[in-house]
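One-letter residues, chain by chain:
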Amino acid sequence: MIGTPSSPHRFVMSSTIVNELLRWTHWEGLDTPTLIKAWGISAEALQDPAGQHDALLIEKGLCQVLAANEDPLLGLHMSPKINITALGIIGFIAQTSTTLGDLINSVNHFGNLVGDVGIPSLHHEPGSVIWTWDCHFTDPLMIRHATECLLGCWAGLLRLRKQSASSILLAVRFRHSAPSPALEKEYQRFFGCPVYFDQPISGLVLPSRNLADAMSLADPNLHQTLALHAEQQMQAQQKNTSLPDKVRAQLRAVLARGMTPVRDDIAEILGLSGRSLHRKLEESGCNFRELMDEIRLDIARTALRTPQSSVASIGEQLGFTESQSFIRWFKKMEGVTPGEFRMQQEY
């Protein structure tokens, strides 16, 4: 197994999101103080609106809660209880958007202000768009509940349109499998449209024409003011982010779109030349290839924990033109083949 000299990216969740999770656990009658202690978060840290907390540590605690809860669709059923304004400035930016397209673009652009545990994107198809989310959690149960909760929240945002009497959802797609065939009707009841599982990516399918729909709480002046403030917050956040972590984030975004990352393209996004990026990464103790292998390996591990993803499809998503090339690369990185890794997860 080959390691990399750089430290792996630390996924984070903002105090805003953590406090919303704690409010939910309190509703469910759970032992909130014990959960906070397990997460290693102080009360003072939770009061800091700019505070960031280890998302994977929080995931471990939540997985125990999810496994013990009797509701198999807890994440989905939790989504209507989440108050969008409780998410801070991003919630108010979404509410004051002029059109649905503006709302989606704002949520996608400013999402990192509340955490980087997933990548939102908007994919265009003939006559429709897919508002997608690629989750970075590692536990399949957590991935399912988090994805269902988020898409449920996004479906709620669609009701902020002026003409919201009828649903515009064409379909909902989930990468994960249905927890059981008996629950599929509940998904369709909740979203009011066909729901498909075992799909290449998770997201809401909408008609392209509805991106121009006017929003009921539109306030262009306030929206612009809030967006400028949010941009300043993002710039301050970026200053505290290392270059390797910025590259990791861009690599994930490119791979989530099913594209192959190119060093010079990533460098241009970060305002650097390809040579400058290479030099600065070397100064940080890593290089572009190592970071790409790290992110690919992390995505591959997560995908292999979900049985519906074939080895061939995972390799294709990661940019390997042949399945055998992916298998050889994975064994070189991990020490076992993808099939052997998957079998280890079952025990």
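Analysis parameters
- Residues numbered from 1 in each chain as written.
- Predicted model: local features only at pLDDT ≥ 70, side-chain atom pairs only at ≥ 80, totals over all residues.
- Heavy atoms only, no water.
- Helix = DSSP H or I, 4+ residues; strand = E, 2+ residues; numbered from the N terminus.
- Contact = heavy atoms within 4.5 Å.
- Areas by Shrake-Rupley, 256 points an atom, 1.4 Å probe, with all protein chains shown as cover.
- Lys, Arg positive; Asp, Glu negative; His and termini not counted.
- Charge placed at Lys NZ, Arg CZ, Asp CG, Glu CD.
- Buried < 20%, exposed > 50% of the residue type's maximum accessible area, 1.4 Å probe, protein only.
- Arc of directions from axis to C-beta.
- Disulfide = S-S within 2.5 Å.
- Salt bridge = Lys/Arg side-chain N within 4 Å of Asp/Glu carboxyl O.
- 1 Å grid on protein atoms, 1.4 Å probe; cavity = no way out; pocket = protein on both sides within 12 Å on 5 of 7 lines; lining within 4 Å.
- Points joined across faces, edges and corners; volume = space filled by probe spheres on them.
- Nonpolar A, V, L, I, M, F, W, Y, C, P; charged D, E, K, R; others polar.
- Pairing = 2+ DSSP bridges.
- Axes fitted to C-alpha atoms, helices over the stretch in contact; angles between N-to-C directions.
- Parallel < 35°, antiparallel > 145°, perpendicular 65-115°, else oblique.
- Left-handed = near helix turned anticlockwise from the far one by under 90°.
- Polar contact = N/O pair within 3.5 Å; in protein donor to acceptor, adjacent residues only side chain to side chain.

### A word on the overall build of the protein
Stage number 1. Looking only at helices and strands, the protein has 17 helices and seven strands in total.
Stage number 2. Taken along its principal axes, the extent of the C-alpha atoms in the protein is 55 × 50 × 45 Å.
Stage number 3. Across the protein, the fraction of contacts at a sequence separation of at least 24, relative to all contacts at a separation of at least 6, is 69%.
Stage number 4. As presented, the protein carries roughly 17000 Å² of accessible surface, and 53% of it is formed by carbon and sulfur atoms.
Stage number 5. Across the protein, the mean location of the 31 positive side-chain charges is 3 Å away from that of the 36 negative side-chain charges.

### Structural notes on helix 17 (residues 338-345)
Stage number 1. Those residues of helix 17 lying buried are P338, F341 and R342. Looking straight down helix 17, one finds its buried side chains confined to an arc of 100°; they lie on one side.

### A few points about the state of the cysteines
Stage number 1. Taken as a whole, this structure holds zero disulfides when the rule is applied.
Stage number 2. Between C153, a cysteine without a disulfide, and C149, which holds the nearest cysteine sulfur, the sulfur-to-sulfur distance is 4.4 Å.
Stage number 3. Accessibility expressed as a relative area gives 21% for C153, which makes it partly exposed.

### Some words on the pattern of salt bridges
Stage number 1. Enumeration over the complete set of coordinates arrives at 13 salt bridges.
Stage number 2. Residues D213 and R161 are paired through a salt bridge, measuring 2.9 Å at the closest nitrogen-oxygen approach. With D213 in the loop between strand 7 (203-207) and helix 10 (220-239) and R161 in the loop between helix 8 (140-157) and strand 5 (171-173), this pair connects stretches of sequence that are 52 residues apart. R161 shares its class with D213; the two are buried.
Stage number 3. Here R263 ties to D264 by a salt bridge, and the two come within 3.4 Å at their closest N and O atoms.
Stage number 4. Exposure remark for R263: the relative accessible area of 29% places this residue in the partly exposed category.
Stage number 5. In this structure D264 comes out as partly exposed when scored by relative accessible area, which is 42%.

### Let's talk about the layout of surface pockets
Stage number 1. In this structure, the largest pocket encloses a volume near 1400 Å³.
Stage number 2. Surrounding the largest pocket, 49 residues form its lining, N112, D116, M234, Q237 and Q238 being those nearest its centre.
Stage number 3. Of all the secondary-structure elements, those providing two or more residues to the lining of the largest pocket are strand 1 (12-14), helix 6 (89-95), helix 7 (100-110), strand 3 (118-125), helix 10 and helix 11 (243-256).
Stage number 4. Sorting elements by how many residues they give to the lining of the largest pocket places helix 11 first, with eight residues.
Stage number 5. Of the residues belonging to the lining of the largest pocket, the class tally is 20 nonpolar, 22 polar and seven charged.

### Things to note about the pairing of strand 3
Stage number 1. Two strands pair when backbone bridges link them, and strand 3 and strand 4 (residues 128-135) are joined in this way by eight bridges, in the antiparallel orientation. Following the sheet pairing, E125 is matched in strand 4 by S128.
Stage number 2. Counting the residues in the hairpin turn of strand 3 and strand 4 gives two residues, including G127, whose phi is positive at 80°.

### Concerning the environment of I295
Stage number 1. Along the chain, the position of I295 falls in helix 14 (residues 288-304).
Stage number 2. Judged by relative accessible area, which is 1%, I295 ranks as buried.
Stage number 3. With 77 residues separating them in the primary sequence, I295 and A218 have C-alpha atoms 39 Å apart.
Stage number 4. With residues near it in sequence (within four places) discarded, I295 still touches R248, L251, R252 and L255.

### Brief notes about the packing of helix 7 against helix 10
Stage number 1. Here helix 7 crosses helix 10 at 20°, and the two axes come no closer than 11 Å. Classified by the angle between their axes, helix 7 and helix 10 sit roughly parallel to one another. Between helix 7 and helix 10 the crossing geometry is left-handed. Note on element contacts: helix 10 touches helix 7 through H223, A227, A230, E231 and M234, opposite S106, H109 and F110.

### Things to note about the side chain of E334
Stage number 1. In this fold, E334 is placed in helix 16 (residues 323-334).
Stage number 2. Classification of E334 as buried rests on a relative accessible area of 17%.
Stage number 3. A distance of 2.8 Å separates the side chain of E334 from the side chain of R301, its partner in a polar contact.

### Some words on the sheet that holds strand 3
Stage number 1. Strand order in the open sheet made by the five strands is 3-4-7-5-6, with mixed pairing throughout. Strands at the two margins of the open sheet, each flanked by one partner only, are strand 3 and strand 6 (195-196).
Stage number 2. With respect to the sheet, helix 7 is in contact with strand 3, strand 4 and strand 7, its orientation differing from that of strand 3 by roughly 145°.

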